[in-house]
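# Examining the three-dimensional arrangement
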Amino acid sequence: MLLSLGFFFELYDLLYSGYIAPGLVKSGILTTTTAHLFGMTGVAAFIASLFSGLFLGTIGCGFLADRFGRRAIFTYSLLFYTTANLIMAFQVTAAGLNFWRFMAGLGIGVELVTIGTYISELVPKHIRGRAFACEQAVGFMAVPVVAFLSYLLVPNKPFGLDGWRWVVIIGAHGALFVWFIRRALPESPRWLAQKGRLAEADRVMSRLEEAVARELGRPLPFPAASYLQPVTIGHTFFDMWKAPYGKRATMMIIFNICQTVGFYGFANWVPTLLAEQGITLTRSLLYSSIIALSAPVGPLIGLWIADKFERKSAIVATAAAIVVCGLTFSQVSRGILLIAMGVGLTLSSNIMSYSFHAYQTELFPTSIRSSAVGFVYSWSRLSAIFTSFLIAGVLKNFGATGVFVFIAAAMLMVMAVIGLMGPRTRNISLEEISR
């Protein structure tokens, strides 16, 4: 729950781009589209700035959690990006806005990798899927919060300050919770053991075991044989390309390039896509807020189904649902059906999200887990940089229908690569998967 609370503030900062975009256009800082594909004064450049930072944060800084520990990097990356967002809230030019959004992306990129790695090492295999679903359920509660705040604030200027600035400032309050979260979190015992700090690892494990024994009211059973495998040490980043990891890394790179098109192609553009379909600013933000209420529901469903179905199967099924709901969304304009398809897109995207976050952390051993996940995940951020500009171009030339055809093509690629190349991981220990 504590890690999930950190994820809440992370998603708030990650996903407010689309909801404040109409306000940035209204204030005259940005434009909806630009004359040139890579124009730096449009909404696409603002979104691309975030994902440029996310790309560098995940590909260049993922090793930090492997070197300095999950707990420390979780804390300082959260402080870093909340500070950058607070500075961004007071920018008055497109250049200043984009620079500080880039800096926030650096911190968020490191945080995303660290939380997933942290959770996979703190929970046992039979509830690992539910743990990720819990993280995502709490985290995605940020979506209706930011959507509703945007609905209330973006069209207005409370106390003479643009509403979009208030949305950003409110999110920066996450830093106030950082030190409380840090004090209550243990370091990953698996990481401590991998670093040779066995006494510390044993103290953490003993405290966890004592707490669970008190809750159960009885002694814990002896560890199953699969948990008695030694922690693998001595791996380097280049071991990610040796069997069996090379095939897995290639698979996840292709997957991450494509999944971003569906997830952020809708989440970051939904108010703009609604406006493109002839819906007013206020009503598009209202529809977006209603759709956003469903964001935590997907992971809540996951608390029930996450460890009952193979994760690769869940990813393929939800990608198919995104294709169907997205293409239907682009063809309707009536409020109820439009909202229903938006809800379907949101639910499918968020079920796929917790499934693949759990899946990719299970594919690599402890000593390179954060580095490897950071590397393969960074490709989604690189993809998102160009996706923002491509969607803006497709929207300008082919409308909302063209955008969703583009998204559907990416989801078909997701279905193919995971369905054909993905190994099974459900209810298998991390070390067994590594072997």
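Now for a quick tour of the structure.

Scoring rules and cut-offs
- Residues numbered from 1 in each chain as written.
- Predicted model: local features only at pLDDT ≥ 70, side-chain atom pairs only at ≥ 80, totals over all residues.
- Heavy atoms only, no water.
- Helix = DSSP H or I, 4+ residues; strand = E, 2+ residues; numbered from the N terminus.
- Expected span 1.5 Å × (residues − 1).
- Bend = angle between axes of the 7 residues up to and from the residue.
- Patch = residues over 30% accessible without salt bridge, like charges linked within 9 Å, V, L, I, M, F, W, Y side chains within 5 Å.
- Areas by Shrake-Rupley, 256 points an atom, 1.4 Å probe, with all protein chains shown as cover.
- Salt bridge = Lys/Arg side-chain N within 4 Å of Asp/Glu carboxyl O.
- 1 Å grid on protein atoms, 1.4 Å probe; cavity = no way out; pocket = protein on both sides within 12 Å on 5 of 7 lines; lining within 4 Å.
- Points joined across faces, edges and corners; volume = space filled by probe spheres on them.
- Nonpolar A, V, L, I, M, F, W, Y, C, P; charged D, E, K, R; others polar.
- Buried < 20%, exposed > 50% of the residue type's maximum accessible area, 1.4 Å probe, protein only.

## Comments concerning helix 1 (residues 2–26)
- Between its first and last C-alpha, helix 1 extends 37 Å over 25 residues, near the 36 Å set by a 1.5 Å rise per residue.
- Within helix 1, the axis deviates most sharply at Ile20, by approximately 50 degrees, and proline Pro22 lies no more than four positions further along.
- Downstream of helix 1 by one or two residues, Gly28 has phi in the positive range, about 90 degrees.

## Focus: a nonpolar patch on the surface
- Together, Val212, Leu216 and Leu220 give the surface a local cluster of nonpolar side chains, amounting to about 210 Å² of exposed area.
- When you line up the elements, Leu216 lands in helix 11 (residues 198–216).

## A word on empty space enclosed by the protein
- All chains considered together, the criterion is met by 4 cavities of 30 Å³ or more.
- The volume enclosed by the largest cavity comes to roughly 160 Å³.
- The element best represented in the lining of the largest cavity is helix 17 (residues 335–361), accounting for 4 residues.
- Taken together, the residues that form the lining of the largest cavity break down as 12 nonpolar, 3 polar and no charged.

## Focus: the pattern of salt bridges
- If you walk through the whole model with that rule in mind, you get 9 salt bridges.
- Across the pair Arg424 and Glu310 runs a salt bridge, and its minimum N-O distance is 3.6 Å. Here the residue Arg424 occupies a position in the loop between helix 18 (369–421) and helix 19 (430–434), and Glu310 occupies one in the loop between helix 15 (297–305) and helix 16 (311–329), the gap between them amounting to 114 residues.
- Owing to a relative accessible area of 56%, Arg424 belongs among the exposed residues under this scheme.
- By relative accessible area, which is 12% here, Glu310 ends up buried.
- The closest approach of N and O atoms between Glu362 and Arg311, which form a salt bridge, is 2.8 Å. Of the two residues, Glu362 is situated in the loop between helix 17 and helix 18 and Arg311 in helix 16; the sequence distance between them amounts to 51 residues.

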